[in-house]
Amino acid sequence: AQSVTQPDIHITVSEGASLELRCNYSYGATPYLFWYVQSPGQGLQLLLKYFSGDTLVQGIKGFEAEFKRSQSSFNLRKPSVHWSDAAEYFCAVGTSGTYKYIFGTGTRLKVLA
Amino acid sequence: EAGVTQFPSHSVIEKGQTVTLRCDPISGHDNLYWYRRVMGKEIKFLLHFVKESKQDESGMPNNRFLAERTGGTYSTLKVQPAELEDSGVYFCASSQGSGNTIYFGEGSWLTVV
């Protein structure tokens, strides 16, 4: 069955610390991978996406993610977290021509001043 | 350029009542989608419109939910009668093509009491 797993429901980091949010997927076809963020009172904003090519993807707000096919992972990273990064982060997977994204359950990030 | 807009942003209704959610997609986007996230679960696909036609409504939970997109512009999602388990966030999204990146709105937060 197709699925996306975000094993960390909550993560707390100090401002300025590095961040890595985990995402593992199970998908039969070649996946398209996405990270979305939902800040308090806001909608889902696309951070970055991977379709093909370079497996290290740069996104907005200083985020990056690395696609590792052998590990079925697409972890999100940021070298130095800002207080404004406190939000909920969702990993999603789709495939070419599809609109039925499969989402993980989300990871809520708390940033300590 | 305006993004996907949804109304109302928040709604509290009693069990058995009716609620209608509205979505205005990004201008020029023929593809419109509804997703929802119920109480801490993952975000799940509900249905897909191409212009005014329903292409896929396989994610609609039951016949209490009715989605329309008259004229191929804005869409409405009606829940009638609402049940407690319908509480959650209803996201609308749009894209230019069905295989392109999907852009989400801020969501309509529904609470059924």
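Note: the structure precedes this text.
What comes next is a walk through the structure. (Residues numbered from 1 in each chain as written. Chains lettered and ligands numbered in written order. Predicted model: local features only at pLDDT ≥ 70, side-chain atom pairs only at ≥ 80, totals over all residues. Heavy atoms only, no water.)

With 20 residues of chain A at the interface, the matching set in chain B holds 20 residues. Between chain A and chain B, a total of about 1,700 Å² is buried, with carbon and sulfur atoms accounting for 54% of that surface. When the area that chain A buries against chain B is broken down by residue, the three leading residues are A:L44, A:Y99 and A:F103, summing to 35%. Where chain A touches chain B, the interface holds two salt bridges. Notably, a salt bridge pairs B:R37 with A:E88, separated by 3.0 Å at the nearest N-O pair. (Contact = heavy atoms within 4.5 Å. Buried area = accessible area lost by both parts, 1.4 Å probe. Salt bridge = Lys/Arg side-chain N within 4 Å of Asp/Glu carboxyl O.)

Attention shifts here to the state of the cysteines. All names here are of chain B. Under the definition given, this model contains two disulfides over all chains. Shown here is the disulfide that connects C23 with C92, its sulfur atoms set 1.8 Å apart. In this structure the cystine formed by C23 and C92 twists about its S-S bond by roughly -65 degrees; its chirality is therefore left-handed. Here the residue C23 occupies a position in strand β3 (residues 19–24), and C92 occupies one in strand β9 (residues 88–95), the gap between them amounting to 69 residues. The pair C23 / C92 is uniform in exposure class, with both members buried. (Disulfide = S-S within 2.5 Å. Helix = DSSP H or I, 4+ residues; strand = E, 2+ residues; numbered from the N terminus. Buried < 20%, exposed > 50% of the residue type's maximum accessible area, 1.4 Å probe, protein only.)

Applying the stated criterion to the full structure yields 12 salt bridges over all chains. Residues B:E42 and B:K44 are paired through a salt bridge, measuring 3.8 Å at the closest nitrogen-oxygen approach. Residue classification places B:E42 among the partly exposed residues on the basis of a relative accessible area of 25%. Salt bridges sharing partners connect three or more residues here, namely A:E64, A:E66 and A:R77.

Enumeration over the complete set of coordinates arrives at 18 aromatic pairs over all chains. Measuring from ring centre to ring centre gives 5.6 Å for A:F63 and A:Y89, while their planes differ by 50 degrees; the resulting arrangement is tilted. With A:F63 in the loop between β7 (56–58) and β8 (64–68) and A:Y89 in strand β10 (residues 87–94), the pair connects residues that are 26 residues apart, well separated along the chain. When sorted by exposure, A:F63 lands in the same class as A:Y89, which is buried. A centroid spacing of 5.4 Å and a plane angle of 65 degrees characterise the contact between B:Y35 and B:F104, whose relative ring orientation is edge-to-face. In this pair, B:Y35 sits in strand β4 (residues 31–37) while B:F104 sits in strand β10 (residues 103–104), placing the two residues 69 residues apart along the sequence. Ring pairs connect the aromatic residues A:Y32, A:F34, A:Y36, A:F51, A:Y101, A:F103, B:Y35, B:F45, B:F91 and B:F104, which therefore count as one cluster. (Phe/Tyr/Trp six-rings, centres within 6.5 Å; stacked < 30°, edge-to-face > 60°.)

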